[in-house]
Amino acid sequence: ILARAGANAAPLALYCGAGLPTIIACLGALKAGKAFAPLDRRLPLARIGQILSTLEAPVVVTDNRYSKTARQLAGPAGRTINIDRLARSWSPANPGLTVSPDSTAYISFTSGSTGAPKGVVWKHRSELFGIRTKTNALGISAQDRVSLLRANNVGAMRDMFLALLNGAGLIVLDLDENGLASLGRWLRDEEITVLSCVATLFRHAVSGAKSGDNFPCIRLIHIGGEPVFKSDVELYKRHFRGDCLFANRYSISETQAVSYFFIGKRTEIAGERVPAGYPLEGNEIVVLDDGGKPLEPAEIGEIAIRSPYLASGYWRNPELTRAKFLADPTGGENRTYLTGDLGYLLADGCLVHVGR
């Protein structure tokens, strides 16, 4: 990377297979002091082309399996690095670079399903804070085996770093290749201890399972990205061991994990919707009316997050950044992100996420 990208400030684009190839590419980029943008291979090539044009990325990091498409995407002016064909002559020595905690670590692009893909920019400082907060809240240790089921998006990056920076096992299943039907058996065979996924995948994992202790190694179910319902909690109570915890979280591409709601086997869920929980360290949750004023508990409005650890903004889109990331009126570091999600606060400060 250093030889081919040199001092060029443009981020690297990663177009690799799930699991080890992407991990190698991410760590190589970071060690070279480069920001990177993982490309979701499930997106149409035209949309990926849009992203590359926005990045002005001169280098695409790839592997044997996807090198042909990567060369096509890079175009005549671009270059590719195939991690499966690196010459043995390259030095393994530490390049000894200094990387500022306030420099960009990576850029995660949205799918663009509602318009052009948006690049969400994350600094090293904010990412490290988020990993530390989740480590403490979830008790992640070197004894854990953490699932990596998600595509090349912000959730996948965070599952990856949560495991690796704690010395835990990171166990990969490429669902595009193996299919959802393999998920339940894979969780048992690989002795996964932390299942991190969206609610839909959780439902697939337990579908068809008989009542009882079907996943004896899983100690924590880490759910987010979608609304979670009482029926999901009933599935958890029916199919997992007695000391396993179910953690519903609220987080989106532009924030760190904002809140957790921990559920045990004796936790009662009053309504159909499972609360998204209480704010984690470094976060404040407010619910706003159409005029931007805070609402009282139980009143539905837009969820807004105040934190010094939000994303930096949107890649090369200052207008949208100003509209969604509001500066602290007192001049402090606490910015406010307007999520566009709807929800309400309970009297004790617990968040309930309703939808968009």
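Residues numbered from 1 in each chain as written. Predicted model: local features only at pLDDT ≥ 70, side-chain atom pairs only at ≥ 80, totals over all residues. Heavy atoms only, no water.

A. Expanded view of the overall build of the protein chain. When you go through the protein chain residue by residue, the secondary structure sums to 11 helices and 19 strands. Computed over the C-alpha atoms, the radius of gyration of the protein chain is 21 Å, within 12% of the 21 Å expected from 2.2 N^0.38 for a compact globule of 356 residues. Judged by the C-alpha coordinates and their principal axes, the protein chain covers about 60 × 55 × 35 Å. Out of the 356 residues in the protein chain, the part that is buried amounts to 49%. Taking contacts inside the protein chain between residues at least 6 apart in sequence as the whole, the part at least 24 apart equals 65%. A distance of 7 Å separates the average location of the 40 positive side-chain charges in the protein chain from that of its 34 negative side-chain charges. (Helix = DSSP H or I, 4+ residues; strand = E, 2+ residues; numbered from the N terminus. Rg over C-alpha atoms; globule rule 2.2 N^0.38 Å. Buried < 20%, exposed > 50% of the residue type's maximum accessible area, 1.4 Å probe, protein only. Contact = heavy atoms within 4.5 Å. Lys, Arg positive; Asp, Glu negative; His and termini not counted. Charge placed at Lys NZ, Arg CZ, Asp CG, Glu CD.)

B. The arrangement of the pairing of strand S12 (residues 259-263) in detail. With 4 of its 5 residues buried, S12 lies for the most part within the structure. The pairing of strand S11 (residues 245-250) with S12 spans 5 bridges and is classified as antiparallel. Bridge pairing in S12 links Arg249 to Tyr260. Pairing analysis gives 2 bridges linking S12 to strand S13 (residues 278-279), with the strands arranged antiparallel. Paired with Tyr260 across the strands is Tyr278, a residue of S13. (Pairing = 2+ DSSP bridges.)

C. Local environment of the environment of Ser111. Mapping Ser111 onto the fold places it in the loop between strand S5 (104-109) and strand S6 (119-123). Here Ser111 falls in the partly exposed class, since its relative accessible area comes to 35%. As for Ser111 and Ile48, which are separated by 63 residues in sequence, their C-alpha atoms are 9.4 Å apart. Apart from residues no more than four positions distant in its own chain, Ser111 is found in contact with Leu43, Arg47 and Pro117.

D. Focus on the packing of aromatic side chains. Within the structure shown, the criterion is met by 10 aromatic pairs. A ring pair is formed by Phe36 and Tyr106, whose centres lie 5.6 Å apart and whose planes are at 20 degrees; its orientation type is stacked. On the criterion of sequence distance, the pair formed by Phe36 in strand S2 (residues 36-38) and Tyr106 in strand S5 is long-range, its members being 70 residues apart. With centroids separated by 5.6 Å and ring planes inclined at 65 degrees, the aromatic side chains of Tyr314 and Phe325 adopt a geometry described as edge-to-face. Linking Tyr314 in strand S16 (residues 313-314) with Phe325 in strand S17 (residues 325-326), this pair joins segments that are 11 residues apart in sequence. For the pair Tyr314 and Phe325, a shared accessibility class is recorded, and that class is buried. (Phe/Tyr/Trp six-rings, centres within 6.5 Å; stacked < 30°, edge-to-face > 60°.)

E. Inspection of helix H10 (residues 230-239) at higher detail. For H10, the set of buried residues is Asp232, Val233, Leu235, Tyr236 and His239. Taken end-on, H10 shows its buried residues confined to a sector of 155 degrees, consistent with a single buried face. Residues of H10 that are buried sit in contact with helix H9 (199-206), strand S10 (220-223), S11 and S12. (Arc of directions from axis to C-beta.)

F. Spotlight on the side chain of Thr255. Along the chain, Thr255 turns up in the loop between S11 and S12. On the accessibility criterion, Thr255 (0% relative accessible area) is buried. In contact with Thr255, other than residues within four places in its own chain, are Trp122, Arg158, Ile305, Leu310 and Tyr337.

G. Seen up close, the packing of helix H2 (residues 20-31) against helix H6 (residues 154-164). Across the interface, H2 lies against H6 with an axial gap of 12 Å and an inter-helix angle of 75 degrees. Between H2 and H6, the angle falls in the class roughly perpendicular. Each of Thr22, Ile23, Cys26, Leu27 and Leu30 in H2 lies in contact with H6, whose residues at this interface are Met157, Met160, Phe161 and Leu164. Split by residue class, the contact of H2 with H6 holds 8 nonpolar, 1 polar and no charged. (Axes fitted to C-alpha atoms, helices over the stretch in contact; angles between N-to-C directions. Parallel < 35°, antiparallel > 145°, perpendicular 65-115°, else oblique. Nonpolar A, V, L, I, M, F, W, Y, C, P; charged D, E, K, R; others polar.)

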